[in-house]
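Tertiary structure, described
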Amino acid sequence: MVSHGSQPVGGADTAVTRTPNPEAILRLGLAFWGSKTLLSAVELGVFTELAKGPLDGAELAARLGLHARSAHDFLDALVALGMLRCDESRYTNTVECDLFLDRHKPSYIGGMLEMANARLYPYWGRLTAALRTGEPQNEARTGGDFFTSLYADPERLRQFLRAMTGLSAGASAAIADKFPFARYDSVLDVGCAEGGLLVQLALAHPNLHGIGFDLPAVQAPYEDYVRSFDLDERLRFHAGDFFRDPLPEAKVVTLGHILHDWGLDEKRQLLRRAYEALPSGGVVIVFDAIIDNGRCANVFGLLMSLNMLIETKQGFDYTGADCQRWMHEIGFVNTEVVHLTGPDSMVVGIK
Ligand SMILES: C[S@@+](CC[C@H](N)C(=O)[O-])C[C@H]1O[C@@H](n2cnc3c(N)ncnc32)[C@H](O)[C@@H]1O
């Protein structure tokens, strides 16, 4: 970069001088423009419509019900953001958006974005209040329990569970690939949502039988999802409260995006209950957007922890070293942190 008499900037490029530039600050400060454009595109079904075939702007705008004033800029912004392509005045999906954002494909991960649009976007508008008070800013703000208030509305329940499948899809595939399930015949997924992880494990490992454990309201969505993959013979549901009811026994117990929902006492309690459900030699797998031990690199993990500030009473994300320490306190041995994909890692411990 050319220097115009500015001060050297520290860090890796101390030998180089560069003129301070506000661009990165403004880009981050206004990043919600692009984010909300994508969320509205998912809400409007842009990618589902284009999965049927390329369309010109007028036809696509008519199908989506866009106002003439917005259509051109909205669709071209999606092209500029890398979410659509435009060839000879016809819009098409990118390969990724066609695979992951067409509601009719089993690979759809837009549930997470639908929930982000409907819930997280307005609730994150109250981040400053959460930072000052330490109080959740979602449905629970009026005093209710997050899951109880969310699950009181069947539509929001399904939306949340579908969002979990989307959020965990990459990590679930990586666990199926990286953990030696060929050596184990049973797995219990504690807080299984609609069964996204168990389905991926069962598809990849024909030897495996699974139990999804979750609150009673989750049973019907779980069974619908599992049946859609013809896996209902191998994957059953066990309704219960993981703080009160006994956990069914299995050789492997998984806890995906569970520990970060809770305070430290509950985190330890859940790990202890997993320990009790395992035979000697059994394995616990905890996965989350595990924060790096230096707490400076995994941006998504750190922001996820702020999301827990907004969504829960005491939840927080944690480092691999934190989780290993809690596991050792309970009696797990040979603990190991294994990177999965993107911001996600698993922490594995043996009983
Ligand atoms: C953040 S979601 C994680 C879902 C899934 N494991 C994943 O990684 O995508 C938390 C799950 O825990 C379940 N859950 C919350 N409280 C529970 C309780 N007391 N007993 C059993 N399940 C509970 C919720 O219904 C939800 O499915």
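A brief report on the enclosed structure follows. Owing to the predicted nature of the structure, the values given are computational and were not obtained by experimental measurement. (Residues numbered from 1 in each chain as written. Predicted model: local features only at pLDDT ≥ 70, side-chain atom pairs only at ≥ 80, totals over all residues. Heavy atoms only, no water.)

Counting its secondary structure elements, the chain contains 15 helices and ten strands. With the C-alpha coordinates of the chain rotated into their principal frame, the extents come out at 60 × 55 × 45 Å. For the chain, the residues scored as buried account for 48% of the 351 residues in total. For the chain, restricting intrachain contacts to residue pairs at least 6 apart in sequence, the fraction spanning at least 24 positions comes to 66%. Entry remark: accessible area of the chain is about 17,500 Å², with carbon and sulfur atoms responsible for 56%. (Helix = DSSP H or I, 4+ residues; strand = E, 2+ residues; numbered from the N terminus. Buried < 20%, exposed > 50% of the residue type's maximum accessible area, 1.4 Å probe, protein only. Contact = heavy atoms within 4.5 Å. Areas by Shrake-Rupley, 256 points an atom, 1.4 Å probe, with all protein chains shown as cover.)

In the region of the ligand, 18 residues are neighbours, and Y151, S168, G191, D214 and G256 sit closest. A distance of 3.4 Å separates an oxygen atom of the ligand from a polar backbone atom of A193. Here an oxygen atom of the ligand and a side-chain polar atom of H257 are 2.8 Å apart. Isolated, the ligand exposes 590 Å² of accessible area, and the fraction of that covered by the protein chains is 94%. Those elements giving two or more residues to the shell around the ligand turn out to be helix 9 (146-151) and helix 10 (154-178). (Near = heavy atom within 4 Å. Polar contact = N/O pair within 3.5 Å; in protein donor to acceptor, adjacent residues only side chain to side chain.)

What follows concerns the packing of aromatic side chains. Taken as a whole, this structure holds eleven aromatic pairs when the rule is applied. Between F242 and F243, the aromatic rings sit 5.1 Å apart at their centres with planes inclined by 80°, giving edge-to-face as the arrangement. Taking relative accessible area as the criterion, F242 reaches 13% and is therefore assigned buried. Aromatic ring contacts, followed pair by pair, group F179, F181 and Y184 into a single cluster. (Phe/Tyr/Trp six-rings, centres within 6.5 Å; stacked < 30°, edge-to-face > 60°.)

A few words now on a nonpolar patch on the surface. Taken together, the side chains of L30, F32, W33 and Y121 make up a nonpolar region of the molecular surface, amounting to roughly 410 Å² of accessible area. Residue position: W33 is located in helix 2 (residues 31-44). (Patch = residues over 30% accessible without salt bridge, like charges linked within 9 Å, V, L, I, M, F, W, Y side chains within 5 Å. Salt bridge = Lys/Arg side-chain N within 4 Å of Asp/Glu carboxyl O.)

Now for unusual backbone geometry. One non-glycine residue, E88, lies in positive phi territory at about 50°. If you trace the backbone, E88 turns up in the loop between strand 2 (84-87) and strand 3 (90-93). Under the relative-accessibility criterion, E88 is labelled exposed at 77%. Non-glycine residue A193 carries a positive phi angle of around 55°. Note on A193: relative accessible area 10%, which makes it buried.

I175, F179, F181, L255, I285, V286 and M346 are the most contacted members of the largest nonpolar core, which has 74 residues in total. If one sorts the elements of this core by residue count, helix 10 sits on top with ten residues. Setting aside residues no more than four positions away along its own chain, I175 makes contact with F181, L197, L201, I285, F287, L340 and M346. If you look at the next biggest cluster of nonpolar residues, it comprises 20 residues, including A41, A71, L84 and Y108. (Core = buried A, V, L, I, M, F, W, Y, C linked by side-chain atoms within 4.5 Å.)

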